[in-house]
Amino acid sequence: MGVRKKNMADQLKADRKQRAFAKLTNCPTSPRKMRLVADQIRGVEVEKALQILKFSPKEASINLEKLLLSAIANWQAKNEDASIEDAGLFVKSIYVDSAGMLKRLRPAPQGRAHRIRKRSNHVTLELGSKNLSN
């Protein structure tokens, strides 16, 4: 029984090494605004997703574009012999989790200050390929 669990653990570890993903932590954008942009590229091919993010007027798209480029670079590092064009890469999954709250002070008249709470989030993006076994 112990050998079987060890084999399963080794298999999961090998599968995790083959996954191409990227994480963005503590991004100072509200999770709701980030999810609006993330929903546009979920399940879309990589080239089309990059164009969507590049021409999107939302500020969250800048960070997601960098994250997608990082995931593509991670995929290239793990699959050196494969071509991106032949692999048929697409955004397999993208999810946004809320992170800690940032507290800031905004100046107010007569020497007072207003407390501002800024939301932040974590984003995880995973790539999949249609033509390769990923």
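Everything quoted here is computed from the prediction, not taken from an experiment. (Residues numbered from 1 in each chain as written. Predicted model: local features only at pLDDT ≥ 70, side-chain atom pairs only at ≥ 80, totals over all residues. Heavy atoms only, no water.)

### Considering the environment of Ala108
This is how it is decided: Only DSSP runs of H or I covering at least 4 residues are called helices, and only runs of E covering at least 2 are called strands; the numbering of each starts at the N terminus. In this analysis, two residues are considered to be in contact whenever any of their non-hydrogen atoms come within 4.5 Å of each other.
In this fold, Ala108 is placed in the loop between β3 (102–107) and β4 (113–118). Along the backbone, Ala108 and Ile52 are 56 residues apart, and their C-alpha atoms lie at a distance of 39 Å. For Ala108, the contacting residues outside a window of four places in its chain are Ala113 and His114.

### Overview of the packing of helix α2 (residues 31–41) against helix α3 (residues 46–54)
Going by this rule: Fitted lines through C-alpha atoms serve as axes, helices being fitted only where they are in contact, and the angles separating the N-to-C directions of these axes extend from 0 to 180 degrees. For a crossing to be left-handed, the near helix must be turned anticlockwise from the far one by less than a right angle; the clockwise case is right-handed. The nonpolar class holds Ala, Val, Leu, Ile, Met, Phe, Trp, Tyr, Cys and Pro. Asp, Glu, Lys and Arg form the charged class, and all remaining residues, Gly among them, are polar.
Where α2 meets α3, the axes come as close as 9 Å, and the angle between the chain directions of the two elements is 145 degrees. Crossing angle aside, the handedness with which α2 passes α3 is right-handed. Of the residues in α3, those in contact with Val37, Gln40 and Ile41 of α2 are Ala49, Ile52 and Leu53. Tallied by class, residues from the contact of α2 with α3 come to five nonpolar, one polar and no charged.

### Description of the side chain of Ser30
With respect to the helices, strands and loops of the structure, Ser30 is situated in the loop between β1 (20–27) and α2. In this view, Ser30 contacts Arg119 and Asn121; residues no more than four positions away in its chain are not counted.

### A word on the pairing of β4
Looking along a regular strand, one sees side chains alternate from face to face of the sheet. This is how the line gets drawn: Here a strand pair is declared whenever DSSP counts at least two bridges between the two strands.
Examined bridge by bridge, β3 and β4 share six bridges and lie antiparallel to one another. Among the inter-strand pairings, Arg106 is bridged to a residue of β4, identified as His114.

### Overview of a positive patch on the surface
Quick reminder of the rule: Patch construction takes residues with relative accessible area above 30% that form no salt bridge. Like charges are linked within 9 Å, and nonpolar side chains (Val, Leu, Ile, Met, Phe, Trp, Tyr) are linked within 5 Å. For every accessible area listed, the method is Shrake-Rupley and the probe measures 1.4 Å; residues are considered covered only by the protein chains on display. The term salt bridge refers to a side-chain nitrogen of Lys or Arg lying within 4 Å of a carboxyl oxygen of Asp or Glu. His is not counted, nor are the chain ends; Lys and Arg add positive charge and Asp and Glu add negative charge. Here the site of a charge means NZ on Lys, CZ on Arg, CG on Asp, or CD on Glu. Each residue is placed in one exposure class: buried if its accessible area under a 1.4 Å probe, protein chains only, is under 20% of its type's maximum, exposed if it is over 50%, and partly exposed if it falls in between.
A contiguous patch of positive charge on the surface is contributed by Arg32, Lys103, Arg115, Arg117 and Arg119. Position of Arg32 relative to the elements: it lies in helix α2. The exposure class of Arg32 is exposed, given its relative accessible area of 68%.

### Quick notes on the sheet that holds strand β2 (residues 89–98)
In a beta sheet, neighbouring strands are held together by backbone hydrogen bonds and run either parallel or antiparallel to one another. Judged by pairing direction, the sheet is antiparallel, and its three strands sit side by side in the order β1-β5-β2 without closing on themselves. With one partner strand each, in any of the chains shown, β1 and β2 form the two edges of the open sheet. Strand-to-strand, the axes of this sheet are offset by a mean angle of 15 degrees, without reference to chain direction. Against the sheet, helix α4 (residues 60–78) engages β1, β2 and β5 (121–129), with an angle of about 150 degrees to β1.

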